[in-house]
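Results of the structural survey
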Amino acid sequence: MKSISIKVALGVFAVTFYIASPFVSAWFIREAVRNGNSDYLARAIEWPSVRETLKPSIVRIALNLPYPEEQPQASSGLWQRLKTTVGQGAVDRLVDTYVTPEGLPKLFTLRKTYRDYTANDADEAKTTPLLERIERAWARVKRAEFTGFTTFEIDMADKQDPARIYLGKLKLTPLGWKLAELRIKFLTAAKNTNEMSTAVENAL
């Protein structure tokens, strides 16, 4: 009986650990961006696939383009196609340059410095207890589910703009969960051009 109880307890622990592990990985990635831990980010993110999945979203934000499924006629217009053609290359180069283990923390630092200067916004990591920070982050999660044994998707609202949703996909590898895809979606059509640094920084 004691042996069975131990096995059951170990099984419950293993299942609990498995379920919690992608959430923990997502939190550690977020903290690594805040703290400038580029070594951890290099291991925890599949950068080529993240950059490729992020580029279309950044292009829409930077060029203020509509989503095809929401405004099909506007998306196929000559002016929209021209903006996409001209701006795509420039935005892609910016993403390739800054969405890196070293560049992402720099974007966060620049954005945080700007907020502190303009709004006197204190660093919540220094002024807010850890459990409260985790609770606030969890409150912004719109969807979190396993889409397979080795895949997990999480949708989180932007801290500054709840209408902006970040769609992240993590994959389980021999080294643990890694962020493999990242996209940005708006609950309502975007009306203004936004800074790329804001979009990328708040995603994590």
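Residues numbered from 1 in each chain as written. Predicted model: local features only at pLDDT ≥ 70, side-chain atom pairs only at ≥ 80, totals over all residues. Heavy atoms only, no water.

A few words now on the confidence of the model for the protein. In this model, the protein carries an average pLDDT of 78, and 70% of its residues clear a pLDDT of 70 or more. Looking at the elements of the protein, mean pLDDT is at its lowest for helix α9 (residues 196-203), recorded as 48, and at its highest for strand β2 (residues 151-157), recorded as 95. Within the model, the stretch residues 117-121 combines pLDDT values under 50 with three contacts to residues more than four positions away or in other chains. Segment residues 189-197 is flagged for pLDDT under 50; beyond a separation of four residues in sequence, or across chains, it makes 18 contacts in the model. (pLDDT = per-residue confidence, 0-100. Helix = DSSP H or I, 4+ residues; strand = E, 2+ residues; numbered from the N terminus. Contact = heavy atoms within 4.5 Å.)

Before going further, it helps to spend a moment on the nonpolar core. With 29 residues, the main nonpolar core has Leu-41, Ile-45 and Ile-184 as its most contacted residues. By residue number, the principal contributor to this core is helix α3 (residues 47-63), which donates six residues. (Core = buried A, V, L, I, M, F, W, Y, C linked by side-chain atoms within 4.5 Å. Buried < 20%, exposed > 50% of the residue type's maximum accessible area, 1.4 Å probe, protein only.)

What follows covers the sheet that holds strand β3 (residues 164-173). The strand order β1-β2-β3-β4 describes an open sheet built from four strands, whose pairing is antiparallel. Unpaired on one side and paired on the other, β1 (141-148) and β4 (176-186) mark the two borders of the sheet. Here the strands of the sheet are splayed against their neighbours by 15° on average, with no regard to which way each runs. Sheet analysis places β2 next to β3, joined by seven bridges and oriented antiparallel. Within β3, the residue paired with Glu-153 across the bridge is Lys-169. (Pairing = 2+ DSSP bridges. Axes fitted to C-alpha atoms, helices over the stretch in contact; angles between N-to-C directions.)

Moving on: the packing of aromatic side chains. Throughout the structure, instances matching the rule amount to 10 aromatic pairs. For the pair Phe-13 and Phe-17, a centre-to-centre distance of 6.4 Å together with 20° between the ring planes defines the contact as stacked. Residue Phe-13 and its partner Phe-17 are both found in helix α1 (residues 2-35); the two are separated by four residues, about one turn of the helix. Side by side, Phe-13 and Phe-17 carry an identical accessibility label, which is exposed. With 5.1 Å between their ring centres and 15° between their planes, Tyr-18 and Phe-149 make a pair best called stacked. Taken together, the residues Tyr-18 in helix α1 and Phe-149 in the loop between β1 and β2 connect sequence positions 131 residues apart. Clustering of aromatic rings is evident, with ring pairs tying together Tyr-18, Phe-23, Trp-138, Phe-146, Phe-149, Phe-152 and Trp-177. (Phe/Tyr/Trp six-rings, centres within 6.5 Å; stacked < 30°, edge-to-face > 60°.)

Relative to the elements of secondary structure, Val-91 occurs in helix α5 (residues 78-98). As a C-alpha pair, Val-91 and Arg-60 span 31 residues in sequence and 9.8 Å in three-dimensional space.

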